[in-house]
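Structural overview
Below, each chain spelled out in residue letters.
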Amino acid sequence: MSMPTKNLGSQLQMALLATLVLWCGNPAAAQIPQGVEGEFRPVVEGEKAIGSILSPFCPGLMLEQCPSAEAGALRDSIQGLAMEGWTSAEIVEWMLANHGEEYRAIPPRTGAALWAWVMPPLAILLGIGVVFAVLRHVRGPLAQRTQDGRDPSPEEEARLRAALRELDAEEEPA
């Protein structure tokens, strides 16, 4: 079955356009901030701040992972503030004051936000407790009991062990 040439031409145009966009795309590499001579080394406080902020330009991504040019400029601004001596907490608060509280990636450890830190470990501990309770209920007590609830007599236990040995012997390959 042959394809119409008009459809093939538009597909080629779209492929060429996509290739051109990818090839000429704006790289998100950080630039050397003004006033810095030689090789630029990121400031630790700036890196900590960048790692605790969501990107206002790439929904769902951290600022450190966002490939947009705007995010690169914001990272550069944050590094500039860190070079001026700002702490990571001050930089995060500056960023949130300018862009909004919804870009805080790490909840504060005070007030109602403390529950975001307390609940996951509590949920894990509660889950482990539930698993142990269910296993204990399913397995029953460690001592074997007969159907009427009494412990087996030594004769009954000897018969059970003999039957288990016989069953094991039958299951072994010849």
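Look up: the structure comes first, before these words.
For the structure given in this document, a descriptive report is provided here.

When you go through the protein residue by residue, the secondary structure sums to 6 helices and 0 strands. The N-to-C order of helical and strand elements in the protein reads α-α-α-α-α-α. Within the protein, the fraction of its 174 residues that count as buried is 17%. Considering only contacts in the protein between residues 6 or more positions apart, those separated by 24 or more positions represent 46%.

Attention now goes to helix 3 (residues 69-83). Taking 1.5 Å of rise per residue, 15 residues should cover 21 Å, and helix 3 covers 21 Å from first to last C-alpha, within 8% of that figure. When we look at burial in helix 3, the residues that qualify are Ala 71, Gly 72, Leu 74, Arg 75, Asp 76, Ile 78, Gln 79, Leu 81 and Ala 82.

Ile 53, Leu 63, Ile 78 and Ile 91 are the most contacted members of the largest nonpolar core, which has 16 residues in total. Listed by contribution, the elements that provide at least two residues to this core are helix 2 (44-50), helix 3 and helix 4 (88-99). Those residues in contact with Ile 53, other than ones at most four positions away along the chain, are Met 62, Leu 63, Ile 78, Val 92, Met 95, Tyr 103 and Ala 105.

What follows covers the packing of helix 3 against helix 4. Two elements in contact, helix 3 and helix 4, have axes whose closest approach is 10 Å; the angle formed by their N-to-C orientations is 140°. Considering the angle they form, helix 3 stands oblique to helix 4. In this structure, helix 3 meets helix 4 at a crossing whose hand is right-handed. Taken together, the residues of helix 4 that come into contact with helix 3 (itself represented by Leu 74, Ile 78, Leu 81 and Ala 82) are Ile 91, Trp 94, Met 95 and His 99. For the contact of helix 3 with helix 4, the residue count by class is 7 nonpolar, 1 polar and no charged.

Turning next to the pattern of salt bridges. The final tally for this structure, using the stated rule, is 4 salt bridges. The partner of Lys 48 in a salt bridge is Glu 45, with the nearest N and O atoms 3.7 Å apart. Here Glu 45 and Lys 48 lie together in helix 2, a separation of 3 residues that amounts to about one turn. A residue is classified by how much of its surface remains accessible, and Glu 45, at 27% relative accessible area, is partly exposed. In this structure, Glu 93 engages Arg 104 in a salt bridge whose closest nitrogen and oxygen atoms are separated by 3.1 Å. In this pair, Glu 93 is assigned in helix 4 and Arg 104 in the loop between helix 4 and helix 5 (115-139), connecting sequence segments 11 residues apart. Residue classification places Arg 104 among the partly exposed positions, given a relative accessible area of 21%. Salt bridges sharing common partners tie together Glu 93, Glu 101 and Arg 104.

Rules used throughout
- Residues numbered from 1 in each chain as written.
- Predicted model: local features only at pLDDT ≥ 70, side-chain atom pairs only at ≥ 80, totals over all residues.
- Heavy atoms only, no water.
- Helix = DSSP H or I, 4+ residues; strand = E, 2+ residues; numbered from the N terminus.
- Buried < 20%, exposed > 50% of the residue type's maximum accessible area, 1.4 Å probe, protein only.
- Contact = heavy atoms within 4.5 Å.
- Expected span 1.5 Å × (residues − 1).
- Core = buried A, V, L, I, M, F, W, Y, C linked by side-chain atoms within 4.5 Å.
- Axes fitted to C-alpha atoms, helices over the stretch in contact; angles between N-to-C directions.
- Parallel < 35°, antiparallel > 145°, perpendicular 65-115°, else oblique.
- Left-handed = near helix turned anticlockwise from the far one by under 90°.
- Nonpolar A, V, L, I, M, F, W, Y, C, P; charged D, E, K, R; others polar.
- Salt bridge = Lys/Arg side-chain N within 4 Å of Asp/Glu carboxyl O.

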